[in-house]
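# Secondary and tertiary structure notes
Residue strings, one per chain:
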There are 2 protein chains.
Amino acid sequence: MSVLTASMEGLVNALKKLPGVGPRTAERFAFYLLTQPASIAQEMAQAILKIKQTVGFCKTCFNLADEDHCTVCRDPGRDKSVVCVVEHPRGIIAIEKSGGYKGVYHVLLGALSPLDAIGPKDLKIQELKERIKQGGIKEVILATDSDLEGEATSLYLGKELRALSAPASAPVQITRLAAGIPMGSAIEYADQVTLIRAMEGRRAL
Amino acid sequence: MSVLTASMEGLVNALKKLPGVGPRTAERFAFYLLTQPASIAQEMAQAILKIKQTVGFCKTCFNLADEDHCTVCRDPGRDKSVVCVVEHPRGIIAIEKSGGYKGVYHVLLGALSPLDAIGPKDLKIQELKERIKQGGIKEVILATDSDLEGEATSLYLGKELRALSAPASAPVQITRLAAGIPMGSAIEYADQVTLIRAMEGRRAL
(Lines give C-alpha, C1' and ligand atoms only; values in the text may rest on other atoms or scores of the structure.)
Protein backbone atom coordinates (compact mmCIF):
# COMPACT_ATOMS: atom_id res chain seq x y z
CA MET A 1 0.00 0.00 0.00
CA SER A 2 1.27 3.43 -0.83
CA VAL A 3 1.13 6.16 1.81
CA LEU A 4 1.10 8.86 -0.85
CA THR A 5 -2.32 10.09 -1.90
CA ALA A 6 -3.46 9.15 -5.40
CA SER A 7 -2.85 12.64 -6.78
CA MET A 8 0.65 12.84 -5.25
CA GLU A 9 1.38 9.41 -6.68
CA GLY A 10 0.27 10.70 -10.10
CA LEU A 11 2.54 13.72 -9.87
CA VAL A 12 5.53 11.65 -8.74
CA ASN A 13 5.00 9.28 -11.67
CA ALA A 14 4.82 12.23 -14.09
CA LEU A 15 7.95 13.91 -12.68
CA LYS A 16 9.87 10.61 -12.75
CA LYS A 17 9.83 10.82 -16.53
CA LEU A 18 12.14 13.86 -16.53
CA PRO A 19 15.71 12.92 -17.54
CA GLY A 20 17.88 11.94 -14.57
CA VAL A 21 14.99 12.12 -12.09
CA GLY A 22 14.38 9.01 -9.99
CA PRO A 23 11.57 8.25 -7.54
CA ARG A 24 13.20 10.06 -4.60
CA THR A 25 13.94 13.25 -6.52
CA ALA A 26 10.43 13.13 -8.00
CA GLU A 27 9.00 12.87 -4.47
CA ARG A 28 11.12 15.85 -3.42
CA PHE A 29 9.84 17.90 -6.38
CA ALA A 30 6.24 16.86 -5.63
CA PHE A 31 6.49 17.85 -1.97
CA TYR A 32 8.07 21.15 -2.97
CA LEU A 33 5.19 21.91 -5.34
CA LEU A 34 2.70 20.89 -2.67
CA THR A 35 4.09 23.30 -0.09
CA GLN A 36 4.48 26.25 -2.48
CA PRO A 37 1.69 28.79 -3.09
CA ALA A 38 -0.76 27.70 -5.80
CA SER A 39 0.57 30.46 -8.10
CA ILE A 40 3.98 28.77 -8.47
CA ALA A 41 2.44 25.41 -9.36
CA GLN A 42 0.08 27.10 -11.80
CA GLU A 43 2.92 29.05 -13.40
CA MET A 44 4.87 25.84 -13.94
CA ALA A 45 1.87 23.93 -15.33
CA GLN A 46 1.09 26.76 -17.74
CA ALA A 47 4.72 27.09 -18.84
CA ILE A 48 4.75 23.37 -19.66
CA LEU A 49 1.53 23.60 -21.68
CA LYS A 50 2.68 26.76 -23.42
CA ILE A 51 5.86 25.40 -24.98
CA LYS A 52 3.92 22.57 -26.59
CA GLN A 53 1.54 25.14 -28.09
CA THR A 54 3.89 27.91 -29.17
CA VAL A 55 7.37 26.51 -29.79
CA GLY A 56 8.09 25.23 -33.27
CA PHE A 57 11.14 25.02 -35.46
CA CYS A 58 12.68 27.79 -37.54
CA LYS A 59 11.81 27.27 -41.22
CA THR A 60 15.38 27.98 -42.28
CA CYS A 61 17.66 26.44 -39.67
CA PHE A 62 15.37 24.25 -37.45
CA ASN A 63 16.38 26.09 -34.29
CA LEU A 64 13.53 26.57 -31.79
CA ALA A 65 11.28 29.46 -32.77
CA ASP A 66 8.11 31.11 -31.46
CA GLU A 67 7.56 32.56 -34.95
CA ASP A 68 8.35 31.33 -38.48
CA HIS A 69 12.04 32.07 -38.04
CA CYS A 70 14.29 31.90 -34.99
CA THR A 71 15.90 34.90 -33.30
CA VAL A 72 19.27 34.14 -34.93
CA CYS A 73 17.90 33.95 -38.49
CA ARG A 74 15.85 37.13 -37.92
CA ASP A 75 18.90 39.06 -36.67
CA PRO A 76 20.15 41.28 -39.57
CA GLY A 77 23.57 41.54 -37.88
CA ARG A 78 24.43 37.86 -38.37
CA ASP A 79 26.73 36.72 -41.18
CA LYS A 80 24.51 34.51 -43.37
CA SER A 81 27.49 33.21 -45.36
CA VAL A 82 28.79 31.08 -42.46
CA VAL A 83 26.61 28.17 -41.31
CA CYS A 84 27.40 26.21 -38.17
CA VAL A 85 25.83 22.72 -38.19
CA VAL A 86 24.80 21.38 -34.76
CA GLU A 87 22.87 18.29 -33.65
CA HIS A 88 20.39 20.01 -31.33
CA PRO A 89 19.19 23.53 -30.43
CA ARG A 90 21.11 22.95 -27.14
CA GLY A 91 24.29 23.21 -29.22
CA ILE A 92 23.25 26.68 -30.38
CA ILE A 93 22.74 27.80 -26.78
CA ALA A 94 26.24 26.62 -25.85
CA ILE A 95 27.87 28.37 -28.82
CA GLU A 96 25.85 31.56 -28.31
CA LYS A 97 26.90 31.67 -24.64
CA SER A 98 30.55 31.53 -25.72
CA GLY A 99 29.81 34.76 -27.59
CA GLY A 100 32.45 34.27 -30.26
CA TYR A 101 30.32 33.27 -33.25
CA LYS A 102 28.53 35.71 -35.55
CA GLY A 103 27.29 33.39 -38.32
CA VAL A 104 24.04 31.45 -38.53
CA TYR A 105 23.16 27.83 -37.73
CA HIS A 106 21.65 24.66 -39.12
CA VAL A 107 20.17 22.15 -36.69
CA LEU A 108 20.16 18.49 -37.79
CA LEU A 109 17.74 17.53 -34.98
CA GLY A 110 19.81 14.46 -34.20
CA ALA A 111 22.88 12.49 -35.28
CA LEU A 112 23.39 9.39 -37.38
CA SER A 113 22.90 6.34 -35.19
CA PRO A 114 22.41 2.98 -36.95
CA LEU A 115 21.66 1.30 -33.59
CA ASP A 116 18.67 3.61 -33.06
CA ALA A 117 17.74 3.29 -36.76
CA ILE A 118 18.48 7.00 -37.36
CA GLY A 119 19.74 7.41 -40.91
CA PRO A 120 20.48 10.47 -43.09
CA LYS A 121 16.79 10.78 -44.06
CA ASP A 122 15.79 11.27 -40.41
CA LEU A 123 18.01 14.34 -40.07
CA LYS A 124 17.68 17.77 -41.67
CA ILE A 125 20.49 16.98 -44.12
CA GLN A 126 18.47 17.43 -47.32
CA GLU A 127 17.40 20.86 -46.04
CA LEU A 128 21.05 21.78 -45.42
CA LYS A 129 21.94 20.77 -48.99
CA GLU A 130 19.09 22.93 -50.30
CA ARG A 131 20.41 25.91 -48.32
CA ILE A 132 23.87 25.41 -49.81
CA LYS A 133 22.51 24.98 -53.35
CA GLN A 134 20.70 28.31 -53.04
CA GLY A 135 24.14 29.93 -52.81
CA GLY A 136 25.61 32.68 -50.68
CA ILE A 137 27.26 30.27 -48.22
CA LYS A 138 31.06 30.41 -47.99
CA GLU A 139 31.73 28.11 -45.05
CA VAL A 140 29.95 25.25 -43.31
CA ILE A 141 31.32 24.52 -39.80
CA LEU A 142 30.51 21.00 -38.63
CA ALA A 143 29.89 21.32 -34.88
CA THR A 144 28.30 17.95 -34.12
CA ASP A 145 29.26 16.34 -30.79
CA SER A 146 32.61 14.59 -30.56
CA ASP A 147 31.05 11.26 -29.57
CA LEU A 148 30.69 8.27 -31.89
CA GLU A 149 27.41 9.42 -33.48
CA GLY A 150 28.55 13.04 -33.84
CA GLU A 151 31.86 12.05 -35.46
CA ALA A 152 30.11 9.68 -37.85
CA THR A 153 27.62 12.41 -38.77
CA SER A 154 30.46 14.86 -39.44
CA LEU A 155 32.32 12.37 -41.63
CA TYR A 156 29.14 11.64 -43.60
CA LEU A 157 28.25 15.33 -43.96
CA GLY A 158 31.80 16.24 -45.00
CA LYS A 159 31.71 13.69 -47.82
CA GLU A 160 28.19 14.65 -48.98
CA LEU A 161 28.76 18.41 -48.87
CA ARG A 162 32.12 18.25 -50.64
CA ALA A 163 30.46 16.30 -53.49
CA LEU A 164 27.72 18.92 -53.56
CA SER A 165 29.90 22.01 -53.56
CA ALA A 166 32.64 20.69 -55.86
CA PRO A 167 31.22 21.66 -59.26
CA ALA A 168 30.24 25.21 -58.21
CA SER A 169 32.40 28.13 -59.24
CA ALA A 170 32.52 29.44 -55.63
CA PRO A 171 33.48 26.41 -53.52
CA VAL A 172 32.00 26.07 -50.06
CA GLN A 173 34.61 25.47 -47.38
CA ILE A 174 33.73 22.59 -45.02
CA THR A 175 35.40 22.77 -41.59
CA ARG A 176 35.15 20.80 -38.34
CA LEU A 177 35.47 22.14 -34.79
CA ALA A 178 38.96 21.51 -33.39
CA ALA A 179 39.34 18.52 -31.05
CA GLY A 180 41.96 18.72 -28.31
CA ILE A 181 42.75 19.35 -24.66
CA PRO A 182 39.96 21.38 -22.98
CA MET A 183 41.13 24.76 -21.67
CA GLY A 184 42.07 24.78 -17.98
CA SER A 185 42.66 21.04 -17.97
CA ALA A 186 45.91 19.19 -17.20
CA ILE A 187 47.37 16.96 -19.93
CA GLU A 188 47.68 14.06 -17.49
CA TYR A 189 43.87 13.93 -17.16
CA ALA A 190 43.16 13.91 -20.91
CA ASP A 191 42.03 10.57 -22.32
CA GLN A 192 44.03 8.81 -25.05
CA VAL A 193 41.74 9.62 -27.96
CA THR A 194 41.68 13.32 -27.04
CA LEU A 195 45.50 13.35 -26.78
CA ILE A 196 45.89 11.69 -30.19
CA ARG A 197 43.49 14.27 -31.68
CA ALA A 198 45.34 17.11 -29.96
CA MET A 199 48.65 15.83 -31.38
CA GLU A 200 47.19 15.49 -34.88
CA GLY A 201 45.72 18.98 -34.69
CA ARG A 202 48.85 20.70 -33.33
CA ARG A 203 49.53 24.17 -34.71
CA ALA A 204 52.63 26.27 -35.22
CA LEU A 205 52.98 28.94 -32.52
CA MET B 1 20.16 38.33 -26.13
CA SER B 2 18.83 34.94 -25.27
CA VAL B 3 18.67 32.29 -27.98
CA LEU B 4 15.84 30.49 -26.20
CA THR B 5 12.35 31.44 -27.30
CA ALA B 6 10.28 33.43 -24.78
CA SER B 7 8.13 30.43 -23.87
CA MET B 8 11.16 28.15 -23.38
CA GLU B 9 12.74 30.87 -21.24
CA GLY B 10 9.54 30.95 -19.15
CA LEU B 11 9.57 27.19 -18.64
CA VAL B 12 13.26 27.14 -17.72
CA ASN B 13 12.63 29.88 -15.15
CA ALA B 14 9.69 27.94 -13.68
CA LEU B 15 11.63 24.64 -13.52
CA LYS B 16 14.65 26.36 -11.93
CA LYS B 17 12.53 26.85 -8.80
CA LEU B 18 12.47 23.09 -8.11
CA PRO B 19 14.82 22.14 -5.26
CA GLY B 20 18.34 21.30 -6.46
CA VAL B 21 17.60 22.28 -10.07
CA GLY B 22 19.95 24.84 -11.63
CA PRO B 23 19.73 26.57 -15.02
CA ARG B 24 21.40 23.72 -16.94
CA THR B 25 19.20 20.99 -15.47
CA ALA B 26 16.14 23.19 -16.04
CA GLU B 27 17.16 23.59 -19.69
CA ARG B 28 17.55 19.82 -19.96
CA PHE B 29 14.06 19.26 -18.48
CA ALA B 30 12.59 21.90 -20.80
CA PHE B 31 14.14 20.34 -23.91
CA TYR B 32 12.93 16.94 -22.78
CA LEU B 33 9.35 18.22 -22.42
CA LEU B 34 9.63 19.95 -25.79
CA THR B 35 10.63 16.79 -27.61
CA GLN B 36 8.05 14.53 -25.92
CA PRO B 37 4.53 14.00 -27.28
CA ALA B 38 2.06 16.65 -26.10
CA SER B 39 0.30 14.03 -23.95
CA ILE B 40 3.29 13.69 -21.59
CA ALA B 41 3.57 17.45 -21.07
CA GLN B 42 -0.18 17.70 -20.54
CA GLU B 43 -0.15 14.83 -18.05
CA MET B 44 2.57 16.57 -16.05
CA ALA B 45 0.86 19.97 -16.12
CA GLN B 46 -2.42 18.43 -14.99
CA ALA B 47 -0.76 16.42 -12.22
CA ILE B 48 0.81 19.63 -10.89
CA LEU B 49 -2.51 21.47 -10.92
CA LYS B 50 -4.34 18.53 -9.38
CA ILE B 51 -2.29 18.22 -6.21
CA LYS B 52 -2.93 21.86 -5.38
CA GLN B 53 -6.66 21.24 -5.77
CA THR B 54 -7.11 17.85 -4.12
CA VAL B 55 -4.36 17.27 -1.57
CA GLY B 56 -5.01 18.51 1.94
CA PHE B 57 -3.99 17.41 5.40
CA CYS B 58 -5.51 14.60 7.48
CA LYS B 59 -7.72 16.08 10.20
CA THR B 60 -6.25 13.75 12.81
CA CYS B 61 -2.54 13.42 12.06
CA PHE B 62 -1.78 16.10 9.39
CA ASN B 63 -0.42 13.56 6.94
CA LEU B 64 -1.29 14.27 3.28
CA ALA B 65 -4.83 13.21 2.46
CA ASP B 66 -7.15 13.29 -0.55
CA GLU B 67 -10.11 12.94 1.86
CA ASP B 68 -10.74 14.09 5.44
CA HIS B 69 -8.43 11.44 6.84
CA CYS B 70 -5.25 9.92 5.46
CA THR B 71 -4.85 6.31 4.37
CA VAL B 72 -3.04 5.39 7.60
CA CYS B 73 -5.71 6.83 9.92
CA ARG B 74 -8.48 5.17 7.85
CA ASP B 75 -6.77 1.76 8.03
CA PRO B 76 -8.60 -0.29 10.73
CA GLY B 77 -5.56 -2.58 11.05
CA ARG B 78 -3.30 0.11 12.54
CA ASP B 79 -2.60 0.28 16.26
CA LYS B 80 -4.07 3.65 17.33
CA SER B 81 -2.40 3.45 20.75
CA VAL B 82 1.09 4.09 19.35
CA VAL B 83 1.75 7.49 17.76
CA CYS B 84 4.93 8.22 15.83
CA VAL B 85 5.71 11.97 15.64
CA VAL B 86 7.48 13.10 12.45
CA GLU B 87 8.39 16.50 11.05
CA HIS B 88 7.01 16.03 7.53
CA PRO B 89 4.81 13.59 5.56
CA ARG B 90 8.11 12.53 3.89
CA GLY B 91 9.05 10.95 7.24
CA ILE B 92 5.92 8.79 7.10
CA ILE B 93 6.85 7.57 3.63
CA ALA B 94 10.31 6.54 4.83
CA ILE B 95 8.96 4.70 7.89
CA GLU B 96 6.18 3.01 5.88
CA LYS B 97 8.73 1.81 3.31
CA SER B 98 10.71 0.16 6.12
CA GLY B 99 7.54 -1.86 6.76
CA GLY B 100 8.20 -2.43 10.47
CA TYR B 101 5.73 0.01 12.03
CA LYS B 102 2.06 -0.72 12.63
CA GLY B 103 1.00 2.31 14.71
CA VAL B 104 -0.30 5.70 13.54
CA TYR B 105 1.43 9.04 13.02
CA HIS B 106 1.36 12.71 13.94
CA VAL B 107 2.97 15.21 11.56
CA LEU B 108 4.30 18.43 13.10
CA LEU B 109 4.64 20.08 9.65
CA GLY B 110 8.06 21.41 10.58
CA ALA B 111 10.60 21.60 13.39
CA LEU B 112 11.48 24.26 15.95
CA SER B 113 13.90 26.71 14.37
CA PRO B 114 14.43 30.05 16.15
CA LEU B 115 16.56 31.33 13.24
CA ASP B 116 13.60 30.90 10.87
CA ALA B 117 11.22 32.23 13.55
CA ILE B 118 9.45 28.85 13.81
CA GLY B 119 8.23 28.40 17.38
CA PRO B 120 6.00 25.79 19.09
CA LYS B 121 2.85 27.63 17.96
CA ASP B 122 3.81 27.19 14.28
CA LEU B 123 3.86 23.40 14.61
CA LYS B 124 1.01 20.97 15.19
CA ILE B 125 2.04 20.51 18.86
CA GLN B 126 -1.21 21.72 20.42
CA GLU B 127 -3.07 19.24 18.22
CA LEU B 128 -0.77 16.42 19.43
CA LYS B 129 -1.50 17.36 23.06
CA GLU B 130 -5.23 17.25 22.34
CA ARG B 131 -4.89 13.77 20.84
CA ILE B 132 -3.05 12.57 23.94
CA LYS B 133 -5.59 14.21 26.28
CA GLN B 134 -8.40 12.33 24.52
CA GLY B 135 -6.81 9.13 25.85
CA GLY B 136 -6.15 5.71 24.35
CA ILE B 137 -2.51 6.48 23.53
CA LYS B 138 0.10 4.31 25.26
CA GLU B 139 3.28 5.41 23.54
CA VAL B 140 4.51 8.47 21.64
CA ILE B 141 7.61 7.81 19.53
CA LEU B 142 9.53 10.99 18.72
CA ALA B 143 10.89 10.46 15.19
CA THR B 144 11.98 13.99 14.31
CA ASP B 145 15.19 14.30 12.27
CA SER B 146 18.50 13.95 14.08
CA ASP B 147 19.71 17.39 13.01
CA LEU B 148 19.84 20.45 15.26
CA GLU B 149 16.20 21.48 14.74
CA GLY B 150 14.88 17.93 15.03
CA GLU B 151 16.79 17.24 18.24
CA ALA B 152 15.61 20.53 19.77
CA THR B 153 12.03 19.72 18.80
CA SER B 154 12.30 16.28 20.40
CA LEU B 155 13.74 17.71 23.61
CA TYR B 156 10.97 20.30 23.77
CA LEU B 157 8.23 17.76 22.99
CA GLY B 158 9.60 15.28 25.53
CA LYS B 159 9.43 17.92 28.29
CA GLU B 160 5.96 19.13 27.30
CA LEU B 161 4.42 15.68 26.87
CA ARG B 162 5.85 14.32 30.11
CA ALA B 163 4.29 17.26 31.99
CA LEU B 164 1.03 16.54 30.19
CA SER B 165 0.88 12.80 30.78
CA ALA B 166 2.21 12.80 34.35
CA PRO B 167 -1.07 13.22 36.31
CA ALA B 168 -3.02 10.63 34.33
CA SER B 169 -3.61 7.20 35.80
CA ALA B 170 -2.35 5.48 32.64
CA PRO B 171 0.98 7.19 31.87
CA VAL B 172 1.96 7.75 28.25
CA GLN B 173 5.42 6.45 27.42
CA ILE B 174 7.57 8.95 25.47
CA THR B 175 10.36 7.40 23.40
CA ARG B 176 12.92 8.65 20.89
CA LEU B 177 14.28 6.80 17.84
CA ALA B 178 17.68 5.25 18.57
CA ALA B 179 20.72 7.17 17.33
CA GLY B 180 23.80 5.21 16.33
CA ILE B 181 25.90 3.71 13.56
CA PRO B 182 23.83 3.20 10.37
CA MET B 183 23.54 -0.44 9.31
CA GLY B 184 26.07 -1.51 6.70
CA SER B 185 28.42 1.31 7.60
CA ALA B 186 31.98 1.05 8.93
CA ILE B 187 32.72 2.57 12.34
CA GLU B 188 35.69 4.46 10.91
CA TYR B 189 33.35 6.52 8.71
CA ALA B 190 30.95 7.47 11.53
CA ASP B 191 31.22 11.10 12.72
CA GLN B 192 32.08 11.91 16.34
CA VAL B 193 28.58 12.87 17.47
CA THR B 194 27.11 9.68 16.04
CA LEU B 195 29.81 7.60 17.76
CA ILE B 196 29.16 9.29 21.13
CA ARG B 197 25.41 8.64 20.70
CA ALA B 198 26.08 5.02 19.73
CA MET B 199 28.24 4.57 22.85
CA GLU B 200 25.61 6.16 25.10
CA GLY B 201 22.90 3.98 23.58
CA ARG B 202 24.83 0.68 23.76
CA ARG B 203 22.80 -2.37 24.71
CA ALA B 204 23.56 -5.70 26.35
CA LEU B 205 23.80 -8.51 23.80
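The structure this text deals with has already been given above.
Because the structure is a prediction, the values reported are computed rather than measured.

On to the relation of the copies chain A and chain B. With an RMSD of 0.1 Å, the operation that places chain A on chain B is a rotation of 180° combined with a shift of 0.0 Å along the axis. In symmetry terms, the pair is related by a two-fold rotation axis. Minimal C-alpha separation from the rotation axis in chain A is found for A:Ala45, amounting to 2.1 Å. Interface overlap between copies: 100% of the residues of chain A at the interface are likewise at the interface in chain B, consistent with a symmetric, same-surface contact.

This paragraph deals with the packing of helix H1 (residues 6-15) of chain B against helix H2 (residues 23-35) of chain B. All names here are of chain B. Packing of H1 against H2 brings their axes to within 8 Å, and their N-to-C directions diverge by 125°. What the angle tells us is that H1 and H2 run oblique. The interaxial crossing formed by H1 with H2 has right-handed handedness. Only Pro23, Ala26, Glu27, Phe29, Ala30, Phe31, Leu33 and Leu34 of H2 make contact with H1, whose side of the interface consists of Met8, Leu11, Val12 and Leu15. Of the residues that constitute the contact of H1 with H2, the class distribution is eleven nonpolar, no polar and one charged.

Take unusual backbone geometry next. In this structure, A:Phe62 is a non-glycine residue whose phi angle is positive, near 65°. The topology assignment puts A:Phe62 in the loop between strand S1 (56-57) and strand S2 (64-65).

Residues and elements named next belong to chain B. One open sheet holds the four strands; their spatial order is S4-S3-S5-S6, and the pairing between them is parallel. The open sheet has two edge strands with one neighbour each: strand S4 (103-107) and strand S6 (173-176). Across this sheet, the average inter-strand angle for adjacent strands is 25°, counted without regard to direction. Two elements, strand S3 (residues 79-86) and strand S5 (residues 139-142), share four bridges in a ladder whose sense is parallel. Residue pairing across strands places Cys84 opposite Ile141, the latter belonging to S5.

On to the packing of aromatic side chains, then. With the rule as written, the count across this model stands at three aromatic pairs over all chains. Residues A:Phe29 and B:Phe29 carry aromatic rings whose centres are separated by 6.2 Å and whose planes lie at 70° to one another, so their mutual orientation is edge-to-face. Linking A:Phe29 in helix H2 (residues 23-35) with B:Phe29 in helix H2, this pair reaches from one chain into another. The residues A:Phe29 and B:Phe29 share a single accessibility class, namely buried. When the ring centre of B:Phe31 is taken as reference, the NZ or CZ atom of A:Arg90 above it lies at 5.7 Å.

If you look at the biggest cluster of nonpolar residues, it comprises 48 residues, and the most contacted ones within it are A:Met8, A:Ile48, B:Met8 and B:Ile48. If you list the elements that add at least two residues to this core, you get helix H1 (6-15), H2 and helix H3 (38-54) of chain A together with H1, H2 and helix H3 (38-54) of chain B. B:Ile48 has contacts with A:Leu11, A:Leu33, A:Ala41, A:Met44, A:Ala45 and A:Ile48, leaving out every residue within four places of it along the chain. With 33 residues, the next largest nonpolar core counts A:Cys73, A:Val104, A:Ile132 and A:Ile174 among its residues.

Conventions and cut-offs
- Residues numbered from 1 in each chain as written.
- Chains lettered and ligands numbered in written order.
- Predicted model: local features only at pLDDT ≥ 70, side-chain atom pairs only at ≥ 80, totals over all residues.
- Heavy atoms only, no water.
- Least-squares fit on C-alpha atoms with pLDDT ≥ 70 in both.
- Contact = heavy atoms within 4.5 Å.
- Axes fitted to C-alpha atoms, helices over the stretch in contact; angles between N-to-C directions.
- Helix = DSSP H or I, 4+ residues; strand = E, 2+ residues; numbered from the N terminus.
- Parallel < 35°, antiparallel > 145°, perpendicular 65-115°, else oblique.
- Left-handed = near helix turned anticlockwise from the far one by under 90°.
- Nonpolar A, V, L, I, M, F, W, Y, C, P; charged D, E, K, R; others polar.
- Pairing = 2+ DSSP bridges.
- Phe/Tyr/Trp six-rings, centres within 6.5 Å; stacked < 30°, edge-to-face > 60°.
- Buried < 20%, exposed > 50% of the residue type's maximum accessible area, 1.4 Å probe, protein only.
- Lys NZ or Arg CZ within 6 Å of the ring centre and 35° of its normal.
- Core = buried A, V, L, I, M, F, W, Y, C linked by side-chain atoms within 4.5 Å.

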